[in-house]
Amino acid sequence: MDIDINDNEVLCFFNFRSPYAYVGIKKALELDITPKFVPFCYVPKEILEAVTLNNPYKRDYLMEDCRRLFNELNIDLVNEIPADCNWPSVHAAWSEVNKEGKGLDFMLKIFEARFKKGLNVGDKSIITNICNEIEISPKLALSAMDNEDIDKDLKSLTKLMRELKVFGVPTFIYKKERFWGCLLYTSDAADDTPCVDLG
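Residues numbered from 1 in each chain as written. Predicted model: local features only at pLDDT ≥ 70, side-chain atom pairs only at ≥ 80, totals over all residues. Heavy atoms only, no water.

Q: What exactly am I supposed to notice about the overall build of the chain here?
A: Per the secondary structure count, the chain includes eight helices and six strands. Across the 199 residues in the chain, those meeting the buried criterion constitute 44%. Considering only intrachain contacts with a sequence separation of at least 6, the fraction spanning at least 24 residues in the chain is 68%. For the chain, the computed accessible surface area is about 11000 Å², with 47% contributed by carbon and sulfur atoms. (Helix = DSSP H or I, 4+ residues; strand = E, 2+ residues; numbered from the N terminus. Buried < 20%, exposed > 50% of the residue type's maximum accessible area, 1.4 Å probe, protein only. Contact = heavy atoms within 4.5 Å. Areas by Shrake-Rupley, 256 points an atom, 1.4 Å probe, with all protein chains shown as cover.)

Q: Can you help me understand the sheet that holds strand E4 (residues 177-180) in this one?
A: Sheets are built from strands paired through backbone hydrogen bonds, the pairs being either parallel or antiparallel. The mixed open sheet is built from four strands, whose spatial order is E2-E1-E3-E4. Single-partner strands in this sheet number two, and they are strand E2 (36-39) and E4. Along the sheet, successive strands turn relative to each other by an average axial angle of 25 degrees, direction set aside. Inspection of the sheet shows strand E3 (residues 171-174) paired to E4 by four bridges, in the antiparallel sense. Across the sheet, the residue bridging to Thr171 is Trp180, located in E4. (Pairing = 2+ DSSP bridges. Axes fitted to C-alpha atoms, helices over the stretch in contact; angles between N-to-C directions.)

Q: Is there a simple way to think about the pairing of strand E1 (residues 10-14) in this case?
A: Side chains on a regular strand alternate between the two faces of the sheet. Buried residues dominate E1, accounting for five of its five residues. Pairing of E1 with E3 involves four bridges; the strand directions are antiparallel. Across the sheet, Cys12 pairs through a bridge with Phe172, a residue of E3. Two strands pair when backbone bridges link them, and E1 and E2 are joined in this way by four bridges, in the parallel orientation. Within the sheet, the bridge partner assigned to Leu11 lies in E2 and is Lys36. The β-α-β motif built from E1, the intervening helix H1 (residues 19-30) and the parallel element E2 has right-handed crossover chirality. (Right-handed = clockwise from strand over helix to strand, strands pointing away.)

Q: Would you explain the environment of Asn8 in this entry?
A: Structurally, Asn8 can be placed in the segment before E1. Once residues lying within four places of it in the same chain are set aside, the contact partners of Asn8 are Tyr174 and Lys175.

By themselves these figures say nothing about function.
Structure follows, in structure tokens:
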């Protein structure tokens with residue numbers, strides 16, 4: 001999968017598994033920033049251990065932190081986030097819908113289904129309902145979920161992750177600089193200056 005990197009664009013690595021990705025993207029959109037999105041569903045093996053969460057205390061803290069961030073955005077976070085599903089297949093569905101210009105609509109519906117409604121977004125009936133809601137053919141998304149060529153494209157993105165040293169989501173890239181967390185812009189008379197808000 002080829003991703004053109006333009007210094008005047010904001011690149012955003014995301015994963016539907018992460019509540020932090022949802023918060024970061026919502027904050028960016030509220031500031032009228034529409035990034036170019038890149039799925040982070042296959043992780044370079046050298047950082048896989050770093051993003052695997054096995055510490056129960058840390059896991060509990062992250063849920064507390066997410067709840068605070070969701071409250072700031074007036075989003076009701078479900079009491080229990082659904083179990084993991086086949087994330088590459090969900091991102092494959094997004095990638096095909098995105099080609100039809102409905103990627104952002106699909107993305108927000110997936111995030112809402114997972115974090116507000118507590119639904120299993122890997123369920124094809126959920127994907128079908130979301131596609132119907134955004135008026136795009138469910139067949140497009142469903143066929144992508146089992147497409148080996150699309151899966152290979154998603155795996156190929158690990159090369160870009162290594163080049164840009166992306167280690168988690170959301171990661172925003174702007175003018176070759178990394179911003180992990182929530183990208184904010186402060187406007188002044190001269191230009192728009194990116195800064196980071198980690199909540």
